[in-house]
Amino acid sequence: MSVAAPVIELSNVRFSWTAASPVVIDIESLRIDEAERVFLRGPSGSGKSTLLSLLAGVMVPRTGGIRVLGQDIGRMGGAARDRFRADHIGFIFQMFNLIPYLSVLENVCLPCGFSATRGARASGGGTGIEAEAIRLLEHLDMADAALLRRSVNALSVGQQQRVAAARALIGRPELVIADEPTSSLDEDRRAAFLDLLFRECEQRHATLIFVSHDASLGSRFDRVIPFGEINRPSGAVNAPDRRKP
Amino acid sequence: MIAGLAVKSLRNRKFTAALTTLSIALSVLLLLGVERIRHESRESFTATISGTDLVVGARTSPVNLLLSAVFHIGNATNNIEWKSYRAIADRPDVAWTIPLSLGDSHRGYRVLGTTPAYFEHLRFARDRTLVLEQGRPFDGEQDAVLGADVAQSLKYRVGDSIVIAHGAGDVSFTLHDEHPFRVTGILARTGTPVDRTVHVTLAGLDAVHKEVESGEDPLAAIIGTRQRTDAPRAVTAFLVGLKSRGAALSAQRAVNEYEGEPLTAVLPGVALQEVWEITGAVEKSLFAVSALVVVVGLSGMLVSLLTSLGERRREMAVLRSLGARPVQIFSLILGEAASLTAMGIMLGAIALYAGLLAGRSWLESRLGLYVAVSWPSAAEWELVALVAAAGLLIGLIPAWRSYRYSLADGMIVRF
Ligand SMILES: Nc1ncnc2c1ncn2[C@@H]1O[C@H](COP(=O)(O)OP(=O)(O)OP(=O)(O)O)[C@@H](O)[C@H]1O
Ligand SMILES: [Mg+2]
């Protein structure tokens, strides 16, 4: 594990939502390696989702540096960060992951619309993006022909989460970030969902960061990070506002 | 990509999108309809007197003379003497004249006494001449030629006999029933006041009036009948065609300075311009009302887009997580506003043309308004462009809000 290249490196990262509001994130250092499966656990409101926003480059820290896949995303412009996210990161939310007016298949193919890189990788086998999407959905037991064209509003929550997983995985992003993807699933479903997430990430050598307050899931991961131990916010940041769109 | 998303998003909200489109379409229909009617009514007025160089009548305001003599709107002024008419008609620069004698009616339609020159020289719709659909022009004192509307709505045919009444309007006190006319011809539709006119000869009209004086009018009986001459006593006005258009101003001056009696000559184009100045205020307020209706239609769109934003913050966050740039979120919402506006404009234009096709015969028969179903004019394109610009401008508001949201929320999906 230690010989692997770092996928994420944080040093002295501090973040607050506005210049006046309290510091939410204050992390001295954090390193996550390639193909590692990390479980990030912490109480509600402690800033887990905020950290994920920083990792994904939607927000930038007020001070400190964040390197993702070897690149300092704090130094990138807004457009470059958006492009970087589209190219390299797959995201799964807790709920309401899908675009309600697109079909199952369209939702899964959507990342390839924002990233040519992922589009190229998805159709890399020469079969095309849709074929790759169907292949992914097959792995998730979701490739029923009637299901593919169905509106995502007509899916169960568990089905929606599987579609979201397929969307996060299409085009082989190096980093998969899941923000409490299982909290709306029952126990059996939760286990099945984790199984397939692990399987797909392993096949692709993707790094997985998984956030939840459900400590019972932690045993299945390579590493469990108690969020409270790495994040120790104290007082307000007095640095100039570096937050960029 | 973003355009595709905008269209699919709208399709997903079919009902509100359809309602919004409909309200924009109706407002566009009203705006374009008002402009079209305004333009066509001007055209049709202008076309009615397209071949005439001067209109001459007793001294009055140019607008009054034009409206009463040509469009049969309002009451005719004093008559002018036959010898004044002859004096001007015989001028060397005059090519033709059409004498007009007004003041009688038949069941609500104006009766016009004139001469065969009317059928020969009158032009409408730029250069078309009057055409008889049935029968022949008038010839004798008892002949009458009907406009298309008169024949159609009163169900007259060639050979029918009609009685005219003194004075305009439906209820007339004196019916000239001792002197009935016989319908000899019915004119084809022109889309001008001709359609609503009963045409008789000057001599015929004179004969009617002499009967009144000698027979029914007690005052005339006391004074005694006038001497009977072959020439009609008077005409109300006459239309003049000149040998050369360039002579119009000098001919007008000559008429205005005629010494026999005070006369007025008007150039139809100039007098119409005055009419437009009078109607301009009404047109402007109609236009203002329809422009306001467009604003209301677009505000409906604003409200529906703004209210949808609240529930779409999640969608925005998901799009951001997939790599959508804030600018793309902005264009998504703006694209929806643009599509709604564009669909509204197209639907409104289609409705306008459908309405014109369906309603043109009604407009023609009821208002005498001949409406051409032609391509949009430059002014109409301009209006459409204005509505489109306003739609985009209004779309900037929700687009900007969603842009701000997507920056402030980041990727944290709120529930
Ligand atoms: N857009 C925002 N603007 C300002 N403050 C925010 C915003 N989003 C989150 N916060 C604040 O940041 C803090 C951390 O929020 P965050 O959502 O990261 O917590 P979390 O650990 O993910 O909680 P949970 O487990 O409930 O999802 C909270 O105090 C929250 O109020
Ligand atoms: Mg969270």
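Residues numbered from 1 in each chain as written. Chains lettered and ligands numbered in written order. Predicted model: local features only at pLDDT ≥ 70, side-chain atom pairs only at ≥ 80, totals over all residues. Heavy atoms only, no water.

Trainee: What is the right way to read the overall build of chain B from this model?
Mentor: Secondary structure assignment for chain B yields 12 helices and 15 strands. For chain B, the residues scored as buried account for 51% of the 415 residues in total. When contacts within chain B are restricted to residue pairs at least 6 apart in sequence, those whose partners lie at least 24 apart make up 78%. In the form shown here, chain B has an accessible surface area of approximately 19,500 Å², with 61% of it arising from carbon and sulfur atoms. (Helix = DSSP H or I, 4+ residues; strand = E, 2+ residues; numbered from the N terminus. Buried < 20%, exposed > 50% of the residue type's maximum accessible area, 1.4 Å probe, protein only. Contact = heavy atoms within 4.5 Å. Areas by Shrake-Rupley, 256 points an atom, 1.4 Å probe, with all protein chains shown as cover.)

Trainee: Help me understand the site of ligand 1 in this model?
Mentor: Close to ligand 1 lie 15 residues, the nearest being A:S44, A:G45, A:K48, A:S49 and A:T50. More than a single chain frames ligand 1: its nearby residues are located in chains A and B. A:S44 is positioned with one of its side-chain polar atoms (N or O) 2.5 Å from an oxygen atom of ligand 1. With respect to ligand 1, the backbone of A:G47 contributes an N or O atom lying 2.9 Å from an oxygen atom. (Near = heavy atom within 4 Å. Polar contact = N/O pair within 3.5 Å; in protein donor to acceptor, adjacent residues only side chain to side chain.)

Trainee: Could you clarify how one ought to interpret empty space enclosed by the protein in this entry?
Mentor: If a probe as big as a water molecule is rolled over the atoms, it shows which places are left empty. Under the defined criterion, the tally for this structure stands at 2 cavities of 30 Å³ or more. Quantified by volume, the largest cavity comes out at close to 160 Å³. Lining of the largest cavity is provided by 16 residues; of these, B:T48, B:V70, B:Y118, B:L122 and B:V194 occupy positions nearest its centre. Those elements that provide at least two residues to the lining of the largest cavity are α3 (62–70) and β5 (123–124) of chain B. Taken together, the residues that form the lining of the largest cavity break down as 11 nonpolar, 4 polar and 1 charged. Approximately 30 Å³ is the volume attributed to the second largest cavity. A:L30, A:I32, A:V38, A:L40, A:L51, A:L55, A:I209 and A:I225 together form the lining of the second largest cavity. Broken down by secondary-structure element, the contributors of at least two residues to the lining of the second largest cavity are β2 (23–33), β3 (37–41) and α1 (48–55) of chain A. Classifying every residue of the lining of the second largest cavity gives 8 nonpolar, no polar and no charged. (1 Å grid on protein atoms, 1.4 Å probe; cavity = no way out; pocket = protein on both sides within 12 Å on 5 of 7 lines; lining within 4 Å. Points joined across faces, edges and corners; volume = space filled by probe spheres on them. Nonpolar A, V, L, I, M, F, W, Y, C, P; charged D, E, K, R; others polar.)

Trainee: For this particular structure, what's the right way to read helix α4 (residues 82–89) of chain B?
Mentor: Each α-helix turn comprises 3.6 residues. Residues three or four places apart therefore point the same way. Within α4(B), the full set of buried residues consists of B:W82, B:S84, B:Y85, B:I88 and B:A89. One side of α4(B) carries all its buried residues, which in axial view fall inside an arc of 165 degrees. (Arc of directions from axis to C-beta.)

Trainee: Can you help me understand the pattern of salt bridges in this one?
Mentor: Once their charged atoms are close, side chains differing in charge can pair, the charge on each being opposite to the other. Per the stated rule, a full pass over the model turns up 30 salt bridges over all chains. Residues B:E81 and B:K83 are paired through a salt bridge, measuring 3.2 Å at the closest nitrogen-oxygen approach. On the basis of relative accessible area, B:E81 is assigned to the partly exposed category, the value being 40%. The exposure class assigned to B:K83 is exposed, which follows from its relative accessible area of 54%. Taken together, the salt bridges that share partners define one network made up of A:E132, A:R135, A:R199, A:E200 and A:R204. (Salt bridge = Lys/Arg side-chain N within 4 Å of Asp/Glu carboxyl O.)

Trainee: Quick question: what am I supposed to make of the sheet that holds strand β8 (residues 207–212) of chain A here?
Mentor: The strands that make up a sheet are held in pairs by hydrogen bonds between backbone atoms, and each pair lies either parallel or antiparallel. Residue and element names in this part refer to chain A. With respect to topology, 5 strands assemble into an open sheet ordered β6-β7-β8-β3-β9, the strand pairing being parallel. Strand pairing shows two members of the sheet lacking a second neighbour, β6 (89–92) and β9 (223–226), which therefore form its edges. Shown here is a sheet whose adjacent strand axes are inclined to one another by a mean of 15 degrees, direction ignored. Summarising the sheet, strand β7 (residues 175–179) and β8 pair through 5 bridges and their orientation is parallel. Along β8, the bridge assignment pairs V176 with L208. Helix-sheet contacts for helix α7 (residues 157–169) involve β6 and β7, and the interaxial angle to β6 is about 170 degrees. Against the sheet, helix α8 (residues 187–204) makes contact with β3, β6, β7 and β8, and its axis sits at roughly 155 degrees relative to β8, the strand it touches most. (Pairing = 2+ DSSP bridges. Axes fitted to C-alpha atoms, helices over the stretch in contact; angles between N-to-C directions.)

Trainee: I'm lost on the nonpolar core in this one. Help?
Mentor: Formed by 58 residues in total, the largest nonpolar core has its most connected members in A:I8, A:L10, A:I25, A:L55, A:F114, B:L5 and B:L319. If near-sequence neighbours (up to four positions away) are discounted, B:L319 is found in contact with A:I99, A:L110, A:F114, B:L5, B:A324, B:I329 and B:L332. Core analysis: the second largest hydrophobic core is formed by 39 residues, A:I170, A:A206, A:L208 and A:F221 among them. (Core = buried A, V, L, I, M, F, W, Y, C linked by side-chain atoms within 4.5 Å.)

Trainee: How should I be thinking about the sheet that holds β2(A) in this particular structure?
Mentor: Residue and element names in this part refer to chain A. Taken together, 4 strands build an open sheet; the order of strands is β2-β1-β4-β5 and the sheet is antiparallel. Across the chains shown, the open sheet's two edge strands, defined by having one partner strand only, are β2 and β5 (71–72). Pairing between strand β1 (residues 6–16) and strand β4 (residues 63–68): 5 bridges, direction antiparallel. Within β4, the residue paired with S11 across the bridge is G65.

Trainee: Help me understand unusual backbone geometry in this model?
Mentor: Only a minority of non-glycine residues have a phi that is not negative, and only a minority of peptide bonds are not trans. A positive phi angle is found at A:A35, which is not glycine, with a value near 65 degrees. Take A:A35: it is sitting in the loop between β2 and β3. Note on A:A35: relative accessible area 33%, which makes it partly exposed. A positive phi angle is found at B:K155, which is not glycine, with a value near 55 degrees. With respect to the helices, strands and loops of the structure, B:K155 is situated in the loop between α6 (148–154) and β9 (161–162). For B:K155, a relative accessible area of 69% gives the class exposed.

Trainee: Even after reading the chapter, I still don't get the pairing of β8(A), so can you show me in this structure?
Mentor: Residues and elements named next belong to chain A. Summarising burial for β8: 6 of the 6 residues are buried, a large majority. Residues of β8 alternate between two faces, with T207, I209 and V211 on one and L208, F210 and S212 on the opposite face, all of them buried. With α8 bridging β7 and its parallel neighbour β8, the resulting β-α-β unit is right-handed. (Right-handed = clockwise from strand over helix to strand, strands pointing away.)

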